[in-house]
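Survey of secondary and tertiary structure
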Amino acid sequence: MSSHNYSRTSQKSLETYAVDDVYQAASSRASGLTKEEVSNRQQIYGPNRLKEASKEPIVLTFVKNFTSLMAILLWVGGAVALLSHSIELGIAIWFVNIVNGIFSFVQEYRASQATEALKKMLPSYARVVREGQEEKILAEELVPGDLVLIEEGDRISADGRVVFATDLQVNQSALTGESNPVYKTNQADEVPDKSLLERDNMVFAGTTVSSGSAKMIVSAIGMETQFGQIAHLTQTMVDDKSPLQKELDHLTKQISIIAITVGVVFFFAASFFVHQPLAQAFIFALGMIVAFIPEGLLPTVTLSLAMAVQRMAKDNALVKKLSSVETLGATSVICSDKTGTLTQNEMTVNHLWQVSGQYDVTGLGYATEGDIRKVDGKKASLVDNKSLEYLVRFAHLCSNAQVLPPDQDHATYTVLGDPTEACLNVLAEKAGLTLHNNHTWAPRLKELPFDSVRKRMTTVHELSETIDDSQHLSITKGAPKEMVELCHFYRDGSGLHTMTDSVRQQILSANDNFAQDGLRVLAIAYRPLEREALTDETSWTQEYLEMDMVFLGLVAMSDPPREGVREAIEKCHRASIRIIMVTGDYGLTALSIAKKIGIVRGDDARVVTGLELETLSDSQLKEALKGEIVFARVAPEQKYRVVTSLQELGEVVAVTGDGVNDAPALKKADIGIAMGITGTDVAKESADMILTDDHFASIVHAVEEGRAVYHNIKKFLTYIFNSNTPEAVPSAFFLLSKGFVPLPLTVMQILAVDLGTDMIPALGLGVEPPEPDVMHHPPRKLTDRLLSKSLLIKAFLWYGLIESALAMGAFFVTYYLHNGNLSHLVASGQLYREATTMTLGAIIFCQIGMVMNSRTSDQSIRQLRLFSNSLIDIGLVVELLVFLMLVYLPFFHELFNTASLGLWHWCYLLLCPFVIVGMEELRKRLADH
Ligand code: ATP
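Predicted model only: the values in this text are computed from it and were never measured.

**Some details on the site of the ligand**
Neighbouring the ligand are 18 residues, the closest being Lys338, Glu421, Arg520, Thr583 and Asp585. With respect to the ligand, the backbone of glycine 584 contributes an N or O atom lying 3.1 Å from an oxygen atom. Arginine 633 has a polar side-chain atom sitting 2.9 Å from an oxygen atom of the ligand. A total of 610 Å² of accessible area belongs to the ligand in isolation, and the protein chains cover 90% of it. Taken together, the elements giving at least two residues each to the shell around the ligand come down to strand E17 (470–478) and strand E20 (520–528). The biggest single contributor to the shell around the ligand is E20, with 3 residues. Considered class by class, the residues forming the shell around the ligand number 4 nonpolar, 5 polar and 9 charged. Split by domain, the residues of the shell around the ligand number at least three in each of domain 3 (317–343 + 562–694) and domain 4 (348–558).

**Points about helix H33 (residues 870–888)**
The first and last C-alpha atoms of H33 sit 27 Å apart over 19 residues, in line with the 27 Å expected at 1.5 Å per residue. With a side-chain oxygen positioned 3.1 Å from the backbone nitrogen of leucine 871, the residue opening H33 is asparagine 869.

**Concerning the packing of helix H12 (residues 323–330) against helix H27 (residues 696–722)**
As a packed pair, H12 and H27 sit with axes 7 Å apart at the nearest point and diverge in direction by 105°. One way to sum up the angle between H12 and H27 is to call them roughly perpendicular. Contact with H12, carried on its side by Val325, Leu328 and Gly329, involves Ala702, Val703, Gly706, Arg707 and Val709 of H27 and no other residues of that element. Considered class by class, the residues forming the contact of H12 with H27 number 5 nonpolar, 2 polar and 1 charged.

**Concerning the sheet that holds strand E25 (residues 653–657)**
Read across the sheet, 8 strands follow the order E8-E27-E26-E25-E9-E22-E24-E23 without closing on themselves; strand pairing throughout is mixed. Every other strand in the sheet has two partners, leaving strand E8 (317–319) and strand E23 (606–609) as the edge strands with one partner each. Across the sheet, the mean angle separating the axes of adjacent strands is 20° when strand polarity is ignored. As paired elements, strand E22 (residues 578–582) and strand E24 (residues 629–632) share 2 bridges and run parallel to each other. Along E24, the bridge assignment pairs valine 582 with phenylalanine 631. Lying on the sheet, helix H21 (residues 587–596) is in contact with E22, E23 and E24; it crosses E24 at an angle near 140°. Across the face of the sheet, helix H24 (residues 636–648) comes into contact with strand E9 (333–336), E22, E24 and E25 while running at roughly 170° to E25.

**A closer look at the packing of helix H32 (residues 829–855) against H33**
Where H32 meets H33, the closest approach of the two axes is 11 Å, and the angle between their N-to-C directions is 175°. On the basis of their axis angle, the class for H32 and H33 is roughly antiparallel. Here Thr837, Leu840, Gly841, Ile844, Phe845, Gln847, Ile848, Val851, Met852 and Arg855 of H32 come into contact with H33, specifically with Ile872, Leu876, Glu879, Leu880, Phe883, Leu886 and Val887. Looking at the contact of H32 with H33 residue by residue, the class counts come to 12 nonpolar, 3 polar and 2 charged.

**Points about the environment of glycine 340**
Its place among the elements puts glycine 340 in the loop between E9 and strand E10 (348–354). Taking the C-alpha atoms as reference, glycine 340 lies 21 Å from valine 643; in sequence the two are 303 residues apart. If near-sequence neighbours (up to four positions away) are discounted, glycine 340 is found in contact with Asn345, Arg562 and Asp694.

**Regarding a nonpolar patch on the surface**
On the surface, Ile58, Val59, Phe62, Val63, Ile98, Ile102, Val106 and Tyr109 cluster together into a nonpolar patch covering about 650 Å² of accessible area. By the element assignment, isoleucine 98 lies in helix H6 (residues 87–119).

**Structural notes on the domain arrangement of the chain**
Entries for the chain in the domain assignment read domain 1 (3–52 + 117–235), domain 2 (294–311 + 708–928), domain 3 (317–343 + 562–694) and domain 4 (348–558). Each of domain 1 and domain 4 has a C-alpha centre, and these two points are 37 Å apart.

**What to know about the side chain of glutamine 638**
Counting through the fold element by element, glutamine 638 comes out in helix H24. For glutamine 638, a relative accessible area of 14% corresponds to the buried category.

**Observations concerning unusual backbone geometry**
Look at serine 576: it is not a glycine, yet its phi comes out positive at around 55°. Positive phi outside glycine occurs at asparagine 897, with the angle close to 55°. Note that asparagine 897 resides in the loop between helix H34 (890–896) and helix H35 (903–928). With relative accessibility at 15%, the residue asparagine 897 sits in the buried group.

**So, the packing of aromatic side chains**
One pass over the structure, following the stated rule, counts 20 aromatic pairs. Ring geometry for phenylalanine 811 against tyrosine 815: centres 5.3 Å apart, planes inclined by 75°, an arrangement best described as edge-to-face. Here phenylalanine 811 and its partner tyrosine 815 are both found in helix H31 (residues 789–819), 4 residues apart, which amounts to about one turn of the helix. Summarising the burial analysis for this pair, phenylalanine 811 and tyrosine 815 share the class buried. A ring pair is formed by phenylalanine 845 and phenylalanine 883, whose centres lie 5.8 Å apart and whose planes are at 80°; its orientation type is edge-to-face. Pair noted here: phenylalanine 845 is in helix H32 and phenylalanine 883 is in helix H33, with a separation of 38 residues, a long-range link. We classify phenylalanine 883 as buried; its relative accessible area is 0%.

Calculation criteria
- Residue indices follow the written sequence of each chain, beginning from 1 at its first position.
- Totals for whole chains, interfaces and linings use all residues, but because this is a predicted model, local features are given only for residues with pLDDT of at least 70 and pairs of side-chain atoms are given and counted only at 80 or more.
- Heavy atoms throughout the structure, all of them, feed into the side-chain values; hydrogens and water do not.
- Each residue is tested against the molecule or strand, and it is near if at least one of its non-hydrogen atoms lies within 4 Å.
- Pairs of N or O atoms within 3.5 Å make up the polar contacts considered here, provided that, within protein, one atom can donate a hydrogen while the other can accept it, and that residues adjacent in sequence are counted only when both atoms are side-chain atoms.
- All accessibility values rest on the Shrake-Rupley procedure with a 1.4 Å probe; residue burial counts only the protein chains present in the view.
- Each helix is a run of DSSP H or I of at least 4 residues and each strand a run of E of at least 2, with the numbering of both proceeding from the N terminus.
- All residues other than Ala, Val, Leu, Ile, Met, Phe, Trp, Tyr, Cys, Pro, Asp, Glu, Lys and Arg, Gly among them, are scored as polar; the first ten of these are nonpolar and the last four charged.
- An automatic or database domain assignment provides the domain bounds reported here.
- By definition here, a helix of n residues has an expected span of 1.5 Å times n minus one.
- All axes here are fitted lines through C-alpha atoms, helices being fitted over the stretch that makes contact, and every angle between N-to-C directions spans 0 to 180 degrees.
- Here roughly perpendicular refers to angles of 65 to 115 degrees, roughly parallel to angles under 35, roughly antiparallel to angles over 145, and oblique to all remaining angles.
- Any two residues having at least one pair of non-hydrogen atoms within 4.5 Å are treated as being in contact.
- By the convention used here, strands pair only if DSSP detects at least 2 bridges between them.
- Exposure above 30% relative accessible area and the lack of any salt bridge qualify a residue for a patch; like charges then connect within 9 Å, and the nonpolar side chains Val, Leu, Ile, Met, Phe, Trp and Tyr within 5 Å.
- Any Lys or Arg side-chain nitrogen found within 4 Å of a carboxyl oxygen on Asp or Glu counts as a salt bridge.
- In this scheme, a residue with accessible area under 20% of its type's maximum is buried, one over 50% is exposed, and one in between is partly exposed, where area comes from a 1.4 Å probe on protein chains only.
- Aromatic rings from Phe, Tyr and Trp, with only the six-membered ring used for Trp, were paired whenever their centres fell within 6.5 Å, and each pair was classed as stacked if the ring planes differed by under 30 degrees, edge-to-face if by over 60, and tilted otherwise.

See the structure below:
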């Protein structure tokens, strides 16, 4: 049947066909589609993608920036100014409103582009069989009729009919709300009147595989799937408002109220106290309102979060929600896996151990150069040593991994599958076996896959020779302590023996010796299968295959720490962030590695195993969590309890995970971190952050960025609030003196600072790189407020008043130097203009000093690389150019009430930043002592 005959009606009824007929009904076959069929169907059905819900039109977003409460206030203000014949002011206020609106829009747009780009970095993949070959493709490229492989942890990418299943269970909660997994089979289902979702042989896009594995034929893609019909959008990236943004929202409202109150007070004071005409009093009040409103605050914060998220992505940490950035900065405990995150997950077998003796294995990494040596250093041969031969052969037979040698595309060895198994292949080759021949020597009939709760895996084989009178046997490899209990015999150089307690002890102490050196140890055992059992495959249960086994030996492998892990851990210690290793590996191995890389520094660290954890009460666990602790042999489910207890102790917890069972802990944690390389789709979906390199150091990097963002927003806020006091104080002078002191800073001048010179440097502070000492302090508490009392005092009172003093000083000095006294302050003419220009100039030059001060919180400005932030540099240049224009271009004199300045004026102004910087240096030095 050609692909063109493939109709949508046939997809609907795939569930009613018997397995053998499904292929035909779907115009497919057991070897999958051909490339040609795929491209034909792609043309007919399009990509396997959900149409995104229509976004807010860009015009609307643009317009919204001009209709906020503040913007409306400014529109009205401008109109009143125009009506009262202050044409320039009216135009200026409207102009400012437009510039501010465009500025906010651009920030918002850039931030949304940044997160948009991140979405593209999280593609989903599917494994298909096409033309008989297994391939990994983008889920988007699936077509109806494709043969897809799914397994535990996968998110299913299209609807499909199951054609082969082993213990398949699927979580369909995304579609049905039912969180218990549902069993699926490949049996035909002809019961009428059942909804598609109730069919046991159908699986659906958007649901996840809880356990088992299966093959399915795609029945529907994209919007045709059940998921597509219900939901219109899959959200990989959630853009909800972060607590910080909510706090700022709230804050902006509060400040607006304060600003309007100040404006009203100033309005009445001006009209009743100083008897100004109403229109002028209104404009005056408007100036105060503009001065107090932190324009551009929200979009700047969003932008600085989005930029941090982009920088993190370059450093291999994909953050899914902007709000995670702030939480990252507050992280106080990191619970980390061991294998792959702290270590390289590049296993090399170093030793073999059998009851009759030990062997060393030479060679490095996955290269097959090397051999097996006896303790006396002589090469060991498999030829006359059956038990060693079985150990090496069986270890390889029980492996699913492949090691591909370096080629044009890959500079190093590539491992397909689990590295713990890959090194067993390398071992077999070092021993002189040919992998292919070994597989044909004992073809595999069945597999009980590895699972992290059982901590072992078993395969069943048919042999081409008899072993222990049987031609069939099962091979089990796994955690030694648990396996030894299941072995009732052992085989060593001298033959087959019955297991005794003392031999068990011998095995366990050999295991401990290896583990104390930080090696990962697997036990290998086998069981000859009875002839009767072979006729009935259903009797091959786990219990049956894994009892009365014959112990063969131990395989000890090393997994070196990842590069940079020690340094990252050291950084965490300095930053008072605790690291708790939570691993499935053996206690002694875990402890030894924890010591090697510096996680554990004392001698009395406690190792708590999964079994022990179950016996601990909540309060005992919390007590234990206060000291140095390593969790070993824990099942992923137990991480949830560790995370909960830590949170109850007030910690902000980041936790890593990769499997399906890690999902609850990942969700519970303040920051759930999934592994990008080894992680399942389920883990990635439950996490807040995904590490594209699985490396622990990337977590620490992200924490550093998170801290820096929070600091930067604080710097930004201090800076913009700082100029509010000197903008308000001059007006207070005017009012309180009942007009004796002419207005030292006009409304237009306030606008020039707030919406002109302050803008770019403030933005620059939002993108400062992390300070070198950012990881030298303990983590911030989540309850800490951004607008702390100390920030407000520092901005409004301390620097606000110093700047006010310098600004008012500049104003009065101008009169004093001209008249010799201050008894007559003319309110118009050249002298008045010079004086107000000086007030304006002093504020601008103080802000130049302030931007430099704000760049570091505690360090001296001398430690700064002065020109390292180009946005600030540009901001300063623009700031100076704007001021020079206002001063020297006569065109602006009338509008901004400015005048040209002479030498002594400049001397005063140039002194201002030095005073501001000097005061802050003094404060920093005093704070140091
Ligand atoms: P982490 O949780 O830190 O990544 P881990 O990789 O050691 O540690 P698991 O993968 O749960 O944790 O492994 C637990 C134990 O199961 C291992 O210590 C080992 O004894 C055994 N094991 C691991 N992989 C296999 C495998 N492929 N086949 C058989 N047994 C295995």
